[in-house]
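Reading the structure
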Amino acid sequence: INKTKEYLEQALILAEKIKYDKGLARSNANIGKYYRITSNYAKARDYALQSLEVSERIGDEESIGNCYHILGNTYFYQSEFGSALENHIKALHIWEKLGDKRKMGNSYGNIGSVYNSRNETDKALEYLTKALEIFLEVGDETTAANVYNNIGNAYMRQEKFDKSLENLKKAI
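**Concerning helix α8 (residues 141-157)**
Between its first and last C-alpha, α8 extends 24 Å over 17 residues, near the 24 Å set by a 1.5 Å rise per residue. Buried within α8 are the following residues: T143, A144, A145, V147, Y148, I151, G152, A154 and Y155. Contacts from the buried residues of α8 go to α6 (101-117), α7 (121-137) and α9 (161-171). Where α8 begins, the side chain of D140 points an oxygen toward the backbone nitrogen of T142, at a separation of 3.4 Å. Of the residues flanking the end of α8, it is E159, one or two places downstream, whose phi is positive at about 60 degrees.

In structure tokens:
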């Protein structure tokens, strides 16, 4: 993992050196992802915001969406669900605009997880169902299994144990 960070930082230095804004935006985003994965949320947020600033300046919609995704996940893991929801919704709007089905599915799933964590299970199920439809449509059985698991957990929170078990079995 230390090598990963080293390579990410080298990419950032190179992008700065050659004044490659798209590389600068993506390097900052990737470093932000690294820090989120390693649970350094303050640095994750800082790098994602730096990436967002550059991405907006150069009009790179995909990078903007990725920044909102990173920020949404970072806030989610800090239990800052309002901020997580706001950023995941912003990412979703970008993926819809770009027509990126898989990333739309990820955003729907993330939004569903936020609502589930806030114990708003009806809304969670609404978004998780949209995510599931997309992942089944694109043939991503692995991610669909994760969504089935999340749907099962939402039904469990509602004490609808038959529906919970039905979905949890589909996740296996």
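**Observations concerning the pattern of salt bridges**
A full pass over the atoms with the stated rule returns 13 salt bridges. Between E61 and K97 there is a salt bridge, with its nearest N and O atoms 3.6 Å apart. With a gap of 36 residues between them, E61 in helix α4 (residues 61-77) and K97 in helix α5 (residues 81-98) connect regions that are remote in the sequence. Taking the shortest distance from any N to any O, the salt bridge between K101 and E137 comes out at 3.5 Å. Here E137 lies in helix α7 and K101 lies in helix α6, a separation of 36 residues in the sequence. Residue class for K101 comes out partly exposed when judged on its relative accessible area of 35%. Accessibility expressed as a relative area gives 54% for E137, which makes it exposed. One continuous salt-bridge network, built from bridges that share partners, spans R26, D60, E62 and K103.

**Regarding the layout of surface pockets**
In this structure, the largest pocket occupies an estimated 400 Å³ of space. Along the wall of the largest pocket there are 22 residues; nearest its centre are N73, G109, N110, S113 and N150. Looking at the lining of the largest pocket, the elements with two or more residues in it are α4, α6, α7 and α8. The greatest single-element share of the lining of the largest pocket, amounting to eight residues, is contributed by α6. Classifying every residue of the lining of the largest pocket gives six nonpolar, 14 polar and two charged.

The rules behind these values
- Residues numbered from 1 in each chain as written.
- Predicted model: local features only at pLDDT ≥ 70, side-chain atom pairs only at ≥ 80, totals over all residues.
- Heavy atoms only, no water.
- Helix = DSSP H or I, 4+ residues; strand = E, 2+ residues; numbered from the N terminus.
- Expected span 1.5 Å × (residues − 1).
- Buried < 20%, exposed > 50% of the residue type's maximum accessible area, 1.4 Å probe, protein only.
- Contact = heavy atoms within 4.5 Å.
- Polar contact = N/O pair within 3.5 Å; in protein donor to acceptor, adjacent residues only side chain to side chain.
- Salt bridge = Lys/Arg side-chain N within 4 Å of Asp/Glu carboxyl O.
- 1 Å grid on protein atoms, 1.4 Å probe; cavity = no way out; pocket = protein on both sides within 12 Å on 5 of 7 lines; lining within 4 Å.
- Points joined across faces, edges and corners; volume = space filled by probe spheres on them.
- Nonpolar A, V, L, I, M, F, W, Y, C, P; charged D, E, K, R; others polar.

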